[in-house]
Amino acid sequence: AITSHYAEVNGVRIHYEKTGSGKHPLLLLPGALGSTRTDFAPQLEKLSKEKYTVFAFDPRGYGRSIPPERDWPLDYFKRDADDAVALMKSVQQKQFSILGWSDGGITGLVIAGQHPDLVKRLVVWGSNAYILPSDMDAFQKIEDLTKWSARMREPFVKVYGMEYFQKHWKKWIAAYGHYVEERKGDICIEETKKIRCPTLIVHGQKDALVVQEHPDYLHATIPGSVLVNWPEAKHNLHLRYADEFNTLVEQFLD
Ligand code: TYC
C-alpha cells in the first residue's frame, strides 16, 4: 500500500506519501512544480517494499502541500532542502538515502552537502549545480504552456488547475533568472563541493533542458561519484524507462 500523510514542518503543512517497510529509508524529491504521484508513480509502486521505506514529499506550494501558495525567495532550493530535512526528522529518520529528479536533485545536492551525517547515498538525474546563460534560452522555450503537448501539460493541470500552474511556472522561470542575475547562475556549487556520500548521477543524453556539461561537472566535483549516461533517454528517464531505472538504483543502493 501507498499511504498519504501530512506533517507540520517549519510552520507549513507538508504532504507526503509512504510505502514499504524495509530497513533502508529513501526520500524522493520531485522536480519543479512536481508532486509525489506525478513524478514518482513507478518508484512508489515498484521499488522493493522489503528493502526500503520510501517517503515522497510535495514541497511547500506544490502538489497537496497547498496552502500555502508557493512563493519564490532567491534561494528557494535551500528552503526546500530545510523542509525536507525537517520532514525526515519529524518521521524519526536519522539517516536516509535520497533520489532527486531535476529541481529535486538540486535540493538533494544541497541536503547532502549541508548534512553529510544525514545522507547515506544520493541519486540525482536531470540536475545541475549552476545555470548557463544558454540554459535560459532552452528554458524560455517552455515558458508558454499552450505550446506544450497535451500529454506533458495534463498531469500538472490536473494537480493545479491551469491558472495556478501558469502563474507559478512563470514565477519559477523568473526564479531561475534571479540565480543568473544575482548569483552568476550559481545554484549549489559550494554544497556540491562538500558532498562525500556515494553518489550516482544518471543523465539522459537526449535531455532537451540539461546539457552534458552539467552531469559531467557533478561527476568531476563529487569524489567517487558514478555517472551513467543513457544515450536514448530524455529528462523523464525514470518514468520512460522505469524498470531499468529502478534496477539501476536498487543495485547502487545495496
Ligand atoms: N530543474 C528543472 C525541473 O525541475 C528542469 C531544468 C533543468 C530547467 C535545467 C532548466 O537549465 C535548466 N523541471
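See the structure printed just above.
All residue numbers refer to position in the chain's written sequence, counted from 1. Local features in this predicted model are restricted to residues whose pLDDT is 70 or higher, and side-chain atom pairs enter the listing and the counts only when it is 80 or higher, whereas totals over whole chains, interfaces and linings include all residues. Side-chain figures throughout are based on the complete set of non-hydrogen atoms in the structure, without hydrogens or water.

(A) Representation of the sheet that holds strand β3 (residues 24-29) in the model. Strand order in the open sheet formed by eight strands is β1-β2-β4-β3-β5-β6-β7-β8, and the pairing between neighbours is mixed. Since the sheet does not close on itself, it has two edges, and those belong to β1 (2-9) and β8 (226-230), each with one partner. When strand polarity is set aside, the average angle formed by the axes of neighbouring strands in this sheet is 20 degrees. As judged from the five bridges shared by β3 and strand β4 (residues 52-57), these two strands associate in the parallel manner. Each bridged residue has a counterpart across the sheet, and for Leu-27 the counterpart in β4 is Phe-55. Note on definitions: a residue-residue contact is assigned when non-hydrogen atoms from the two residues lie within 4.5 Å. Only C-alpha atoms enter the line fits that serve as axes; for helices the fit covers just the stretch in contact. Angles between N-to-C directions range over 0 to 180 degrees. Helical segments are the DSSP runs of H or I of at least four residues, strand segments are the runs of E of at least two, and each set is numbered from the N terminus. Strand contacts of helix α2 (residues 76-90): β1, β2 (12-19), β3, β4 and β5 (96-101), with the helix running at about 110 degrees to β1, the strand carrying the most contacts. DSSP bridges decide pairing: two strands pair if at least two such bridges lie between them.

(B) Examining the site of the ligand more closely. Nearness is judged by heavy atoms alone; a residue qualifies as near a molecule or strand once a single heavy atom is within 4 Å of it. Residues in close proximity to the ligand include Gly-31, Ala-32, Ser-102, Asp-103, Asn-128, Asp-135, Phe-139, Trp-172, Tyr-176, Leu-209, Val-210 and His-235, which together make up its full environment. Between Ala-32 and the ligand, the recorded distance is 2.9 Å, taken from a backbone N or O atom to an oxygen atom. Accessible areas in this description were obtained via Shrake-Rupley with a 1.4 Å probe; residue shielding takes into account the shown protein chains only. Protein burial of the ligand: of its 350 Å² of free accessible surface, 95% is covered by the chains. Elements with a contribution of two residues or more to the shell around the ligand: α4 (133-140) and α5 (150-183). Polarity classes work like this: nonpolar for Ala, Val, Leu, Ile, Met, Phe, Trp, Tyr, Cys and Pro, charged for Asp, Glu, Lys and Arg, and polar for all others, with Gly in that last group. A class-by-class count of the residues in the shell around the ligand yields six nonpolar, four polar and two charged. Any pair of N or O atoms that falls within 3.5 Å is considered a polar contact. Within protein, one atom must be able to donate a hydrogen and the other to accept it, and sequence-neighbouring residues count only if both atoms are side-chain atoms.

(C) Just the packing of aromatic side chains, in detail. Only rings of Phe, Tyr and Trp enter the pairing, Trp through its six-membered ring, and a pair is recorded when the two centres are within 6.5 Å. The plane angle decides the type: under 30 degrees is stacked, over 60 is edge-to-face, the rest tilted. This model, assessed by the stated rule, comprises 23 aromatic pairs. Between Phe-77 and Tyr-176, the aromatic rings sit 6.4 Å apart at their centres with planes inclined by 70 degrees, giving edge-to-face as the arrangement. Placement of the pair is Phe-77 in helix α2 and Tyr-176 in helix α5, with a sequence separation of 99 residues. Residues Phe-77 and Tyr-176 agree in their burial class; the two are buried. Each residue is assigned to one of three classes by its accessible area relative to the maximum for its type, calculated with a 1.4 Å probe on protein chains only: buried under 20%, partly exposed between the two thresholds, exposed over 50%.

The values reported here are purely geometric and, on their own, carry no functional implication.
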